[in-house]
Amino acid sequence: MEYVSRAPRPPLDGLIDDLYYLEGSSPYARLTLPPMPAALLIVNLGAPFRIRAGTDFETAEYADGCVLTTPTRAVEFGYPPQTRSVGAHLKPWGLAPFLPMPAIELCDRPVTVEQVWGPSATAELRDRLATAAGPHEMLTLLEDEFMRRLGDAAGLGLVRRTGRVIAATSGAVAIDDLRVSVGVSSTHLAQRFKELIGVTPKRLARSYRFATTVLSINPAEPVDWAGLASRAGYFDQAHFGHEFRAFTGLTPTRYVEVRRRFLREHPGHVLDGWPLPTD
């Protein structure tokens, strides 16, 4: 599987972590993506893929691509035998200037790119990407599209400023202290976060803490679960286990088992690190 990635130019770098190109055969027909404190936009250039956003929703097919705001639970991706796409991993607040609706309306509800950018504009973008000379030109085309669509979002400065503090502390910040430091009410801050990110500041902090903790796990080595939970600031190992199941649907030990399976069956794969085999 080919994966090409690069950071966007300013001012997009304050909204987007990276632009990427992905092509090839998925290591598994279905992959589960545990929730990260990030948003995602995918422009699909191959056969349709399928997404299931939690047990409350039916699996849906996405032909043109999809848009996901910062999730609160795992998302299941079903890939065709060969997949090809261009996309962007965005900061939690990164989608706000490109959305025609409040982010809260999309929380844990993936939508197609057409629903966000319109059918004709999406079709034109996909055509230009499909006829590009190669991955790097495709990333430039997607970057140009983001630049063209870059707008303003009321309250983005506030959300970005406070969101960066949450990210820098890996979620270990008192939200009330953060609210006082920027001089707004708890209600106002929560409302802005829900409008622009889709979740409250407290929920975003939980996501950062969980993601930071899980990404620190080396599945190739024995895991000291009690020590890991303590260093991450969880009340105890039971609290950590509860968070694990709430975010991923898996116990911590089952998560490591699945990660080890990925390492064993596909050593060095470009997708190793976060997606998990579903089957």
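Residues numbered from 1 in each chain as written. Predicted model: local features only at pLDDT ≥ 70, side-chain atom pairs only at ≥ 80, totals over all residues. Heavy atoms only, no water.

(A) Region of interest: the overall build of the protein chain. If you tally the helices and strands in the protein chain, you get 10 helices and 10 strands. Oriented by its inertia axes, the alpha-carbon framework of the protein chain measures out at about 55 × 50 × 35 Å. Per-residue burial for the protein chain yields a buried fraction of 51% across its 279 residues. Considering only contacts in the protein chain between residues 6 or more positions apart, those separated by 24 or more positions represent 73%. Of the roughly 12,400 Å² that the protein chain leaves accessible, carbon and sulfur atoms contribute 52%. Distance from the positive charge centre (30 side chains) to the negative charge centre (31 side chains) of the protein chain: 5 Å. (Helix = DSSP H or I, 4+ residues; strand = E, 2+ residues; numbered from the N terminus. Buried < 20%, exposed > 50% of the residue type's maximum accessible area, 1.4 Å probe, protein only. Contact = heavy atoms within 4.5 Å. Areas by Shrake-Rupley, 256 points an atom, 1.4 Å probe, with all protein chains shown as cover. Lys, Arg positive; Asp, Glu negative; His and termini not counted. Charge placed at Lys NZ, Arg CZ, Asp CG, Glu CD.)

(B) The pattern of salt bridges, seen in detail. Applying the stated criterion across every chain, the model contains 18 salt bridges. The partner of arginine 128 in a salt bridge is glutamate 145, with the nearest N and O atoms 3.1 Å apart. Residue arginine 128 is located in helix H2 (residues 119-130), and its partner glutamate 145 is located in helix H3 (residues 135-149); the two are separated by 17 residues in the primary sequence. With a shortest N-O distance of 2.7 Å, arginine 149 and glutamate 145 are connected by a salt bridge. Note that arginine 149 and glutamate 145 are positioned in helix H3 at a spacing of 4 residues, about one turn of the helix. By relative accessible area, which is 3% here, glutamate 145 ends up buried. Here the salt bridges share partners, and the residues they tie into one network are Glu124, Arg128, Glu145, Arg148 and Arg149. (Salt bridge = Lys/Arg side-chain N within 4 Å of Asp/Glu carboxyl O.)

(C) Up close: the side chain of glutamate 143. Summarising the element assignment, glutamate 143 is placed in helix H3. Classification of glutamate 143 as buried rests on a relative accessible area of 4%. Setting aside residues up to four positions removed in sequence, glutamate 143 forms contacts with Arg6, Pro8, Arg9, Leu12 and Leu19.

(D) Looking closely at the packing of helix H7 (residues 201-215) against helix H9 (residues 237-248). Where H7 contacts H9, the axes come no closer than 11 Å and their chain directions differ by 105°. As far as their axial angle goes, H9 and H7 are roughly perpendicular. In this structure, H7 contributes Arg203, Arg206, Ser207, Arg209, Phe210, Thr213 and Val214 to the contact, and H9 contributes His239, Phe240, Glu243, Phe244, Ala246, Phe247 and Thr248. Here the contact of H7 with H9 is composed, by residue class, of 6 nonpolar, 4 polar and 4 charged. (Axes fitted to C-alpha atoms, helices over the stretch in contact; angles between N-to-C directions. Parallel < 35°, antiparallel > 145°, perpendicular 65-115°, else oblique. Nonpolar A, V, L, I, M, F, W, Y, C, P; charged D, E, K, R; others polar.)

(E) Layout of the packing of aromatic side chains. Counted under the stated rule, the structure contains 14 aromatic pairs. Pairing phenylalanine 49 with phenylalanine 77 gives two aromatic rings, centres 5.8 Å apart and planes at 35°, and the pair type is tilted. A residue pair is termed long-range when its members are at least 10 positions apart, and phenylalanine 49 in strand E5 (residues 49-52) and phenylalanine 77 in strand E8 (residues 75-78) qualify at 28 residues. Here phenylalanine 49 falls in the buried class, since its relative accessible area comes to 2%. Pairing phenylalanine 77 with tyrosine 79 gives two aromatic rings, centres 5.9 Å apart and planes at 20°, and the pair type is stacked. One aromatic cluster in this structure is built from Phe210, Trp225, Tyr234, Phe240, Phe244, Phe247 and Tyr255. Its end group placed over the ring of tyrosine 234, arginine 209 keeps NZ or CZ at 4.2 Å from the ring centre. (Phe/Tyr/Trp six-rings, centres within 6.5 Å; stacked < 30°, edge-to-face > 60°. Lys NZ or Arg CZ within 6 Å of the ring centre and 35° of its normal.)

(F) The environment of proline 35, seen in detail. The topology assignment puts proline 35 in the loop between strand E3 (30-33) and strand E4 (39-44). Assessed through its relative accessible area of 1%, proline 35 is described here as buried. Sequence separation of proline 35 and aspartate 144 is 109 residues, and the distance between their C-alpha atoms is 28 Å. Residue contacts for proline 35: discarding those within four places in its chain leaves Pro71, Thr72, Arg73, Ala74, Phe210, Phe247 and Trp274.

(G) The arrangement of the pairing of E3 in detail. Judged from the 4 bridges that link them, E3 and E8 form a sheet pairing that is antiparallel. The residue bridging arginine 30 from the neighbouring strand is glycine 78, located in E8. Sheet topology places E3 next to strand E10 (residues 276-277); 2 bridges connect them, and they run antiparallel. Within E10, the position partnered with threonine 32 by the bridge is leucine 276. (Pairing = 2+ DSSP bridges.)

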